[in-house]
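Working through the structure, step by step
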Amino acid sequence: MKQETKKKNITQELKEMTEIQEKDTYFALLNILEDIEEARIRAVEEKNKTLAVITNFTDGLLVFNKENKLYLINPVAERFLSVNAEEIVNKRPYYLEKFPWFEPVKVFLKDPAKKIFRKEIQINKELTLELSTVSITREQESLGSLIILHDITREKLIEQMKTEFVSLAAHQLRTPLSAIKWTLKMILDGDLGEMTKEQKDFLEKSYVSNERMINLINDLLNVTRIEEGRYLYSPEPVQLEDLTEETIKNYKEEIERKNIKFHFEKPKNKIPALKLDAEKIKLTISNLLDNAVKYTLPGGKIDVSLKSDKEKATFLIKDSGIGIPEDQQKRLFNKFFRGANALRIETDGSGLGLFIAKNIIEAHKGKIGFESEEDKGSTFYFDLPFKAEKY
Amino acid sequence: MLKARSKKILLIEDEELILNLLQRKLEKEGYKVSIARDGKEGLEKMIKNPPDIILLDIVMPRMDGFEVMEEVRKDKNLKMIPIIIISNSGQPVELDRAKKLGARDWLIKTEFDPKEVITKIKQQIG
């Protein structure tokens, strides 16, 4: 009897153990299913939230999947591009191919390294956009791409209004400045009678001050013309060597006065004629020469040289002047920028000379640059290509 | 100082200030100066009383300097009179156009000084 009871107990125990195990497994499975369901609901919520963000985003958004098919386009992008989502979603983006700006986007879709950052695109007269690309990746694997379209129509308009305002103001200022120049000149020339030396000296100071104002106004007007794209005149074949020599002549006096050792190295082989806006290139050379002379201390050295190869002509000017501090070099070509050490030497200077020079050279499809070390000197150079596509 | 034998200058300029200054200087040099404040008035005066030389502003109301020059070219008597334009901007576009329309020389408003004006006038009519 004892054995039977033992057997019964063992079986009973096993049965209970299995029941407990089944119950545990059952409950464990239930828990797992609940977790999965919760995760699924959360995922759907996240997706809905993201969709809500994209749909209501105030910039235009286009999402491409990793096969470069258009997966999503939001309402703002539809409006910008005058297109309906149904027409182009899930199809290869042939509809977008009609836009000229889609070319670089296509390149980016194929190669995410070729990203686009804030590229200006004019859609029509009333709409200018800024386009940026974003690569969506996870652990170095591409999941797709995002195109962002940002409306900058208003910014462009404000920029235009600002330029017009400066242009207007500068033009208005020219007449009274002219009048002052004229009247002072007449007095200084003795047309209105003899003056004492002291009177003459004082009036000369006025005259020089006025000349500075006139130069600043002219620089401002040049800047507005650059911004409005009205700057370059029709280019004609010119000899760079002649332009350089003519410009140097204007500085001969000051170079001698400052006792600066000046040398102009003419090109070994004659430089072929370049199609240039001669006046503007002269202005550029003048700006560079002006800086070199202004910022080189008496007794210093300035070397100008010209050379050319098959593709381009290069102008180079090296001085032993005060140089440009390294932390200021990045901003050198900015409008109104003047180096701290330059300001100490001469407070006068518009800070527009290099900005204008850079614009002129780049409008000729050339390159301008420099190397400089504070207190040692600077070397400025620009290249002009022989074959430029039309400006 | 030898008086420039009363050569007649017609000064066409809308800005009062510039007009006054130029007129003063030219009369001081001995020239006879008549003035007009816009292109139309200028044309009327040069027809009535042809000057020896014309100083012509470009930017003016009613009729600008370019329009004046185009009218002058059509008249066989008027087009013999030397014209020196007064340019506001000094931009090559403007100066070139004036040259093509027959201007003999130019002055740039913000840059010219009394001596330059007299020199250029003397070059044309002595």
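First things first, this report covers the structure right here in the doc. Keep in mind the model is a prediction, meaning the values are calculated, not measured.

Rules used in this analysis
- Numbers given to residues run from 1 along each chain, matching the order in which its sequence is written.
- Just so you know, chain letters begin at A and ligand numbers begin at 1, following the order they were written in.
- With the structure being a predicted model, the display of local features is reserved for residues of pLDDT at least 70 and the display and counting of side-chain atom pairs for 80 or more, all residues being used for whole-chain, interface and lining totals.
- Side-chain metrics in this entry use all non-hydrogen atoms of the structure; hydrogen atoms and water are not considered.
- A run of H or I in DSSP counts as a helix once it spans at least four residues, and a run of E counts as a strand once it spans at least two, with each numbered from the N terminus.
- Burial classes: relative accessible area under 20% of the type maximum marks a residue as buried, over 50% as exposed, and values in between as partly exposed (1.4 Å probe, protein chains only).
- The contact criterion used is simple: two residues touch if any of their non-hydrogen atoms lie within 4.5 Å.
- By construction, the arc corresponds to the directions joining the helix axis to the C-beta atoms.
- Polar contact criterion, stated in full: a pair of N or O atoms within 3.5 Å, where within protein one must be able to donate a hydrogen and the other to accept it, and residues adjacent in sequence count only if both atoms are side-chain atoms.
- Pairing between strands requires that DSSP locate at least two bridges from one strand to the other.
- What makes a salt bridge here is a side-chain nitrogen of Lys or Arg within 4 Å of a carboxyl oxygen of Asp or Glu, nothing more.
- When residues are sorted by character, Ala, Val, Leu, Ile, Met, Phe, Trp, Tyr, Cys and Pro go into the nonpolar class, Asp, Glu, Lys and Arg into the charged class, and all the rest, Gly among them, into the polar class.

**Details of the overall build of chain A**
Each helix and strand in chain A was counted, giving 10 helices and 12 strands. When each of the 391 residues of chain A is scored for burial, the buried share is 37%. Residue pairs at least 24 apart in sequence account for 59% of intrachain contacts in chain A once pairs closer than 6 positions are excluded.

**Section: helix α2 (residues 39–48) of chain B**
Residue and element names in this part refer to chain B. Inspection of α2 places Gly39, Gly42, Leu43 and Met46 among the buried residues, and these make up the whole buried set. End-on, the buried residues of α2 take up no more than an arc of 100 degrees, which puts them together on one face. Those residues of α2 hidden inside the fold are in contact with β1 (8–12), β2 (32–36), β3 (53–57) and α3 (65–74). For α2, the N-terminal cap is Asp38; the gap from its side-chain oxygen to the backbone nitrogen of Lys40 is 2.9 Å.

**Some remarks on the pairing of strand β3 (residues 119–124) of chain A**
Residues and elements named next belong to chain A. Summarising the sheet, β3 and strand β4 (residues 127–138) pair through five bridges and their orientation is antiparallel. What sits directly across from Glu120, in β4, is Glu130. Counted between consecutive antiparallel strands, the loop separating β3 from β4 contains two residues.

**Structural notes on the pattern of salt bridges**
All names here are of chain A. One pass over the full model with this rule turns up 36 salt bridges over all chains. Note that Asp189 is salt-bridged to Lys185, the shortest N-O span being 3.9 Å. The partner of Lys282 in a salt bridge is Glu246, with the nearest N and O atoms 2.9 Å apart. Here Glu246 lies in helix α7 (residues 240–257) and Lys282 lies in helix α8 (residues 278–295), a separation of 36 residues in the sequence. The class of Lys282 is partly exposed, set by a relative accessible area of 29%. On the basis of relative accessible area, Glu246 is assigned to the partly exposed category, the value being 36%.

**So, the interface of chain A and chain B**
The interface is formed by 19 residues belonging to chain A together with 22 residues belonging to chain B. Taken together, the connections running from chain A to chain B amount to three salt bridges. Between Lys25(B) and Asp191(A) there is a salt bridge, with the nearest N and O atoms lying 2.3 Å from each other. The interface formed by chain A and chain B holds seven residue pairs in polar contact (both at pLDDT 80 or more) in total. Listing elements by their share of the side of chain A that touches chain B, those giving two or more residues are α5 (153–188) and α6 (197–227) of chain A. Examining the composition of the side of chain A that touches chain B, we find that 10 residues originate from one element, α5(A), more than from any other. Taken together, the residues of the side of chain A that touches chain B break down into six nonpolar, six polar and seven charged.

**Quick notes on the pairing of strand β10 (residues 312–319) of chain A**
All names here are of chain A. Pairing between strand β9 (residues 301–308) and β10: seven bridges, direction antiparallel. Across the sheet, residue Lys307 finds its bridge partner in β10, namely Thr314. With eight bridges connecting them, β10 and strand β12 (residues 377–385) associate as antiparallel partners. When the bridges of β12 are listed, Ala313 appears paired with Leu384.

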